[in-house]
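Geometric and topological summary
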Amino acid sequence: MTDGAAREAKTSNWNVPNALTTLRIVLVPVYGWVLLHDGGGHIGWRICAWAIFALAMLTDKVDGDLARKHDLVTDFGKIADPIADKAITGMAFIGLSIIMGEWWMWAITIIVLAREWSVTLLRLSIMRSVVIPAAWSGKVKTATQGLALGFLTLPLLEATGWWDVPGKVVYVLALVLLAIAFVLTLTSGYEFFRDASAQRRAQARAATAAEGAPRADS
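What this report covers is the structure whose coordinates are included nearby. Quantities reported herein were computed from a predicted structural model and do not represent experimental measurements.

**A few points about unusual backbone geometry**
If you check the backbone angles, Asp38 has positive phi at about 60° while not being a glycine. The exposed category is assigned to Asp38, whose relative accessible area is 55%.

Right, here's the structure in full:
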């Protein structure tokens with residue numbers, strides 16, 4: 001067992017990063033209920049939903065930083081963290097699709113969720129044998145996606161008065177960010193499957209070469 005593996009084996013699952021990850025999972029149904037309360041048209045509830053979503057995104061950043069800084073990486077965290085991320089953003093996509101009622105939003109939601117969960121499940125299934133580092137495009141996608149969903153969670157078109165014009169401007173900005181995040185979702189997904197496939201082929205070639213190599217005692 002390597003030193004890193006030994007440290008990980010000794011790391012308890014009862015730590016702050018895992019607690020924050022668990023909190024993020026618990027917030028998923030709460031966020032969904034608050035977002036869709038009163039059909040999603042209540043300004044106060046939408047602002048509360050935004051606060052919950054912002055808190056979830058903040059814990060995503062904090063728990064990862066704490067885990068790396070204090071060497072608190074665990075198997076539970078490796079599994080639960082990406083699930084929590086996809087669950088909260090998935091709830092946002094579905095909830096906003098229900099509120100907006102636009103076919104194109106549902107199309108984006110279905111494609112994005114299919115990509116996100118397929119990548120997550122594949123990453124979890126091969127994490128012990130293949131290491132796929134987070135690509136730059138994936139990191140930008142996550143940030144852009146979070147900003148777009150956060151803005152759209154706000155009641156930008158429901159508010160009136162002095163906020164009417166600024167709300168419409170921010171709404172358009174949110175749609176632009178959503179479009180960028182959608183493109184990055186597709187490109188980063190392609191890059192992930194390409195890199196995973198290349199590593200698996202390299203491992204297969206290495207295994208074949210090892211089997212064909214002459215043994216020292218032969």
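Having seen the model, we can carry on.
**A few points about helix α4 (residues 75-100)**
Its 26 residues place the ends of α4 38 Å apart at the C-alpha level, agreeing with the 38 Å of an ideal helix rising 1.5 Å per residue. In the segment just after α4, Gly101 is the residue with positive phi, at about 65°.

**Quick notes on the packing of helix α2 (residues 16-36) against α4**
At a minimum axis distance of 9 Å, the contact between α2 and α4 shows a crossing angle of 10°. With respect to α4, the axis of α2 lies roughly parallel. The class makeup of the residues in the contact of α2 with α4 is 16 nonpolar, six polar and three charged.

**Describing the packing of aromatic side chains**
Geometrically, a pair of aromatic rings is defined through the distance of the ring centres and the angle of the planes. The full count for this structure, using the stated rule, is four aromatic pairs. Between Tyr31 and Phe53, the aromatic rings sit 5.5 Å apart at their centres with planes inclined by 40°, giving tilted as the arrangement. Here Tyr31, found in helix α2, pairs with Phe53, found in helix α3 (residues 43-69); they are 22 residues apart in sequence, far enough to count as distant. Phe53 shares its class with Tyr31; the two are buried. The interplanar angle of 80° and the centroid separation of 5.7 Å between the aromatic rings of Phe192 and Phe193 together place this pair among those described as edge-to-face. When its relative accessible area of 5% is taken as the criterion, Phe192 is described as buried.

The rules behind the values
- Residue positions are given per chain, counting from 1 as you read along its sequence in written order.
- Local features are withheld for residues below a pLDDT of 70 in this predicted model, meaning they are given only at 70 or higher, and side-chain atom pairs are given and counted only at 80 or more; totals for whole chains, interfaces and linings count all residues.
- Hydrogens and water molecules were not included; the side-chain quantities draw on all heavy atoms of the structure.
- Throughout this description, buried means an accessible area under 20% of the type-specific maximum (1.4 Å probe, protein chains only), exposed means over 50%, and partly exposed covers the range between.
- Counting from the N terminus, the helices are DSSP H or I runs at least four residues long and the strands are E runs at least two residues long.
- What a helix should span is 1.5 Å times the count of its residues minus one.
- To define axes, lines are fitted to C-alpha atoms, for helices over the stretch in contact only, and angles between the resulting N-to-C directions are given on a 0 to 180 degree scale.
- Here is the rule for angles: anything less than 35 degrees is roughly parallel, anything more than 145 is roughly antiparallel, 65 through 115 is roughly perpendicular, and the remaining ranges are oblique.
- Any residue outside Ala, Val, Leu, Ile, Met, Phe, Trp, Tyr, Cys, Pro, Asp, Glu, Lys and Arg is labelled polar, Gly included; the first ten of those are nonpolar and the last four are charged.
- Working definition: a ring pair exists when centres of Phe, Tyr or Trp rings (six-membered ring for Trp) sit within 6.5 Å. Plane angles under 30 degrees give stacked, over 60 give edge-to-face, the rest tilted.

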